[in-house]
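# Remarks on the overall topology
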Protein chains: 2
Amino acid sequence: MSELRWDPLKDNWTILSLGQGRRPQDFWQQHEAPPASFCPFCSGNESHTPAEIYAHRPGGSPPNHPGWQVRVIPNKVPVLGIEGELDNRAEGLYDRMNGIGAHELIIETPDHETQLADMTIEQMTEVLKAYRARLLDLRNDSRFRYIFIFKNCRVGTASRIRHSHSQLIAVPLIPPLVATELNSCREHFQRKERCLICDLIKQERKQKERIVSDDGAFLVYAPYASRFPFELMITPVEHKHDFAAQTDQQLKQLARTLRQSLQRIRTVLRDPPYSLILHSAPPVHSRWGRPDYWAMLPFNYHWHIELAPKLTRMTGFEWGSGFHINPTAPEEAADFLRRADINATVKHDS
Amino acid sequence: MSELRWDPLKDNWTILSLGQGRRPQDFWQQHEAPPASFCPFCSGNESHTPAEIYAHRPGGSPPNHPGWQVRVIPNKVPVLGIEGELDNRAEGLYDRMNGIGAHELIIETPDHETQLADMTIEQMTEVLKAYRARLLDLRNDSRFRYIFIFKNCRVGTASRIRHSHSQLIAVPLIPPLVATELNSCREHFQRKERCLICDLIKQERKQKERIVSDDGAFLVYAPYASRFPFELMITPVEHKHDFAAQTDQQLKQLARTLRQSLQRIRTVLRDPPYSLILHSAPPVHSRWGRPDYWAMLPFNYHWHIELAPKLTRMTGFEWGSGFHINPTAPEEAADFLRRADINATVKHDS
């Protein structure tokens, strides 16, 4: 059984994910296991996964059979478990909450070899529609304060699963870094009656030196205080707090921007491992009585995607201080990415 | 030239360490370079390093020659540079500060093969005395708000430098995670007139299940909300805010505890890579006029060492949410470490 635990010194929550309950010997083998020869994510192997929650089946094929383009399934080894009621209590100076949540896998393609950057605009749009559909569905469950969608490409355990997929984890708390962003946006709005991220977009467009692409609908730039080399921020230019409120047309435009950004990173950095995360406004439920949740009404937030190739590794200085060390100036990173010859790597076009 | 940059959305500082100014091609070669055959940290190779800042020379040998047991030198490729005046200014919505700091390497032994866990108590005490001496010296420089001492053993770039060493980075800001801990301690003290960490120690000693060792002077326990599997907290039982105020006798007792903790981790986890960090109260300078620094007078802090084997890797979920995921319950980790047969690995005794 998983649980969340709060540390009064660090004022932070850890997820103890005890489904696997890893003991010392599980850590002994530090050499990487080879990729499994059998892939349950491939088309035709649907019976080897839990039953699907969502699928895009253009030909109308039956659930859990081939014919899908995008397929969402529960994770067999979830970080948090879906069953049970929230229980939240003190243990002396500490706090704990039982580990209620959802953990889903979004299989982005039936084909084992196609990576996100290889997809057609249409295929990638379907992936983004799956994100939207799962966000809209899970926000009906008032146990979940936040629904977090992310992707690891050859990062962590995802290095053993080559088949292109994203993940969704619904959590019973607003994640600490999202809470910080929500606070920053709320404070800025209270002071200035403007959205902080809209203001950042205006400043970036004026200064220009960190912009990678700008098609009028979506802006891609290297953040001023980038934590990682070649980190990118992808954000709608127009103020939108909620990713799930994007229209099909807007998702198609986003797919175009995202694909191009992935191709730029692949060209400039020679296909590095990367992570991608979606930050969108949290859902709000009328049955949550806590006044601070009402004060956190998220209309002054502005959704965005953060994309970071994983080129450096966290060390003791970073986890002990909270500073990130980045060896590449974002202005220089933006310049390399802006000038990338992305046609060199485009495999599919549309 | 390095600089620190502040992000108004994430309310956090990044260190842009541009001394090396890494460009895309520097990241292409992701296979690890083999350890260099020549080691400038070894006894006899002193002329290949910058001039020493500190050394323990029991026989009174001259500086920058053999005969030392512990030797401190400036890092040739510092994260922050020592020259210049602090300059701190806004750039529109952003903030920047030039990257003034110090970056030193504490070479813990003249011998290439001896690791920290192998040292005699006397040798390890000398390492801790070097920490203390450098903290006391650098706090005279009022440009530095914090002096951070840490060690990476086979983590990050330290994986290429096998010769046992620690690092010191002095920074012109209180690091974010240290600031959080200082705030937690101050708030607890204001409310209860007691030290938060003293209270945590009392609770851990009462609950017992997370304690690894307790010799009356230093307590070693697995934190309730451990962020990493087998993470340990090492803290003096008596209230002490400042590591640098420890006596020789106390440092010797700490060396005994630290060595034993390292040996426990080595036995149970088969010599894993690890990081170690020292959290001590920041220096206070009368010439700093800012009232919040005075409110942060650090006497209600309680210094400690955090020790974490590096067994898991940060992925998109963790860097995007701020949650840590830990697959091992700290109660179970403490049990394995407590029962470790440390005599099995002790190579040197004293």
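Rules and cut-offs
- Residues numbered from 1 in each chain as written.
- Chains lettered and ligands numbered in written order.
- Predicted model: local features only at pLDDT ≥ 70, side-chain atom pairs only at ≥ 80, totals over all residues.
- Heavy atoms only, no water.
- Helix = DSSP H or I, 4+ residues; strand = E, 2+ residues; numbered from the N terminus.
- Contact = heavy atoms within 4.5 Å.
- Buried area = accessible area lost by both parts, 1.4 Å probe.
- Salt bridge = Lys/Arg side-chain N within 4 Å of Asp/Glu carboxyl O.
- Polar contact = N/O pair within 3.5 Å; in protein donor to acceptor, adjacent residues only side chain to side chain.
- Nonpolar A, V, L, I, M, F, W, Y, C, P; charged D, E, K, R; others polar.
- Pairing = 2+ DSSP bridges.
- Axes fitted to C-alpha atoms, helices over the stretch in contact; angles between N-to-C directions.
- Buried < 20%, exposed > 50% of the residue type's maximum accessible area, 1.4 Å probe, protein only.
- Parallel < 35°, antiparallel > 145°, perpendicular 65-115°, else oblique.
- Least-squares fit on C-alpha atoms with pLDDT ≥ 70 in both.
- UniProt positions renumbered as here; feature names shortened; annotations may be inferred.
- Phe/Tyr/Trp six-rings, centres within 6.5 Å; stacked < 30°, edge-to-face > 60°.
- Lys NZ or Arg CZ within 6 Å of the ring centre and 35° of its normal.

### What about the side chain of Glu204 of chain A?
Relative to the elements of secondary structure, Glu204 of chain A occurs in helix α4 (residues 196-207). Excluding residues that lie within four positions of it along the chain, Glu204 of chain A makes contacts with Arg210, Ile211, Leu219, Tyr221 and Tyr224 of chain A together with Tyr94 of chain B.

### Here we look at the interface of chain B and chain A
In this complex, chain B contributes 96 residues to the contact, which on the side of chain A involves 96 residues. The largest contributions to the chain B side of the interface with chain A come from Leu9, Tyr224 and Trp319 of chain B, which together make up 12% of the buried area. Run the count over chain B and chain A and you get 8 salt bridges. Glu331 of chain B serves as the salt-bridge partner of Arg5 of chain A, at 3.0 Å between the closest nitrogen and oxygen. Taken together, the links from chain B to chain A amount to 42 residue pairs in polar contact (both at pLDDT 80 or more). Sorting elements by how many residues they give to the side of chain B that touches chain A places helix α3 (residues 176-192) of chain B first, with 8 residues. Broken down by class, the residue content of the side of chain B that touches chain A amounts to 49 nonpolar, 26 polar and 21 charged. Examined bridge by bridge, strand β15 (residues 324-326) of chain A and strand β2 (residues 12-16) of chain B share 3 bridges and lie parallel to one another. Directly across from Ile325 of chain A, in β2 of chain B, lies its bridge partner Ile15 of chain B.

### A short note on the sheet that holds strand β6 (residues 94-98) of chain A
One open sheet holds the 5 strands; their spatial order is β5(A)-β6(A)-β1(A)-β2(A)-β15(B), and the pairing between them is mixed. The outermost strands of the open sheet, each flanked by one partner alone, are β5 (88-91) of chain A together with β15 (324-326) of chain B. Neighbour-to-neighbour, the strand axes of the sheet open up by a mean angle of 30°, direction not taken into account. The pairing of strand β1 (residues 3-7) of chain A with strand β2 (residues 12-16) of chain A spans 5 bridges and is classified as antiparallel. Each residue of the ladder has a partner; that of Trp6 of chain A, found in β2 of chain A, is Trp13 of chain A.

### Let's talk about the side chain of Thr257 of chain A
Residue and element names in this part refer to chain A. Along the chain, Thr257 falls in helix α5 (residues 248-269). Take Thr257: its relative accessible area is 4%, and that puts it in the buried class. Once residues lying within four places of it in the same chain are set aside, the contact partners of Thr257 are Asp215, Phe218, Val220 and Ile234.

### What about the packing of α3 of chain B against helix α4 (residues 196-207) of chain B?
All names here are of chain B. In contact at an axis separation of 8 Å, α3 and α4 are set at 85° when each is read in the N-to-C sense. Classified by the interaxial angle, the pair formed by α3 and α4 is roughly perpendicular. Residue-level contacts link Ser184, Cys185 and His188 of α3 to Leu196, Ile197 and Asp199 of α4. A class-by-class count of the residues in the contact of α3 with α4 yields 3 nonpolar, 2 polar and 1 charged.

### Regarding the relation of the copies chain B and chain A
Mapping chain B onto chain A is achieved by rotating through 180° and translating by 0.0 Å along the same axis, at an RMSD of 0.0 Å. With respect to symmetry, the two chain copies, as superposed, fit the operation of a two-fold axis. Across chain B, the smallest distance between a C-alpha and the rotation axis is recorded for Met314 of chain B, namely 3.8 Å. Interface overlap between copies is the fraction of interface residues in one copy that are interface residues in the other; for chain B against chain A it reaches 100%, indicating a shared surface.

### Considerations on the packing of α5 of chain A against helix α8 (residues 330-338) of chain A
Residues and elements named next belong to chain A. Put simply, α5 and α8 touch, their axes get as near as 9 Å, and they point 100° apart. Viewed along their axes, α5 and α8 adopt a mutual orientation that is roughly perpendicular. Where α5 approaches α8, its residues Arg264, Ile265 and Val268 are matched on the opposing element by Phe336, Leu337 and Arg338. Of the residues that constitute the contact of α5 with α8, the class distribution is 4 nonpolar, no polar and 2 charged.

### A few points about the UniProt feature "active site" (unreviewed entry) in chain A
All names here are of chain A. Using the residue numbers shown here, the UniProt feature "active site" (unreviewed entry) corresponds to His165. Along the chain, the position of His165 falls in strand β9 (residues 165-171). A residue is classified by how much of its surface remains accessible, and His165, at 6% relative accessible area, is buried.

### A look at the packing of aromatic side chains
This structure, assessed with the given rule, holds 22 aromatic pairs over all chains. Where Phe150 of chain A meets Phe317 of chain B, the ring centres are 5.5 Å apart and the plane angle is 45°; that geometry is what we call tilted. Of the two residues, Phe150 of chain A sits in strand β8 (residues 146-153) while Phe317 of chain B sits in helix α7 (residues 316-321), which places them in two different chains. The class for Phe317 of chain B is buried, based on a relative accessible area of 2%. Where Phe317 of chain A meets Phe323 of chain A, the ring centres are 6.2 Å apart and the plane angle is 15°; that geometry is what we call stacked. Note on accessibility: Phe317 of chain A and Phe323 of chain A belong to one class, buried. Grouped by ring-pair contacts, the aromatic residues Tyr146, Phe148 and Phe150 of chain A together with Phe317 and Phe323 of chain B constitute a single cluster. Residue placement shows Arg5 of chain A over the ring face of Tyr224 of chain B; its charged tip is 4.3 Å from the ring centre. Just above the ring of Phe228 of chain A sits the side chain of Lys310 of chain A; from NZ or CZ to the centre is 4.1 Å.

### Comments concerning helix α8 (residues 330-338) of chain B
Count 3.6 residues to each turn of an α-helix, and residues three or four apart come out pointing the same way. What α8 of chain B keeps buried is the set Pro330, Glu331, Ala333, Ala334, Phe336 and Leu337 of chain B. In this structure, the buried residues of α8 of chain B make contact with β1, β2 and α1 (24-28) of chain A together with β10 (211-214), β12 (232-236) and α5 (248-269) of chain B.

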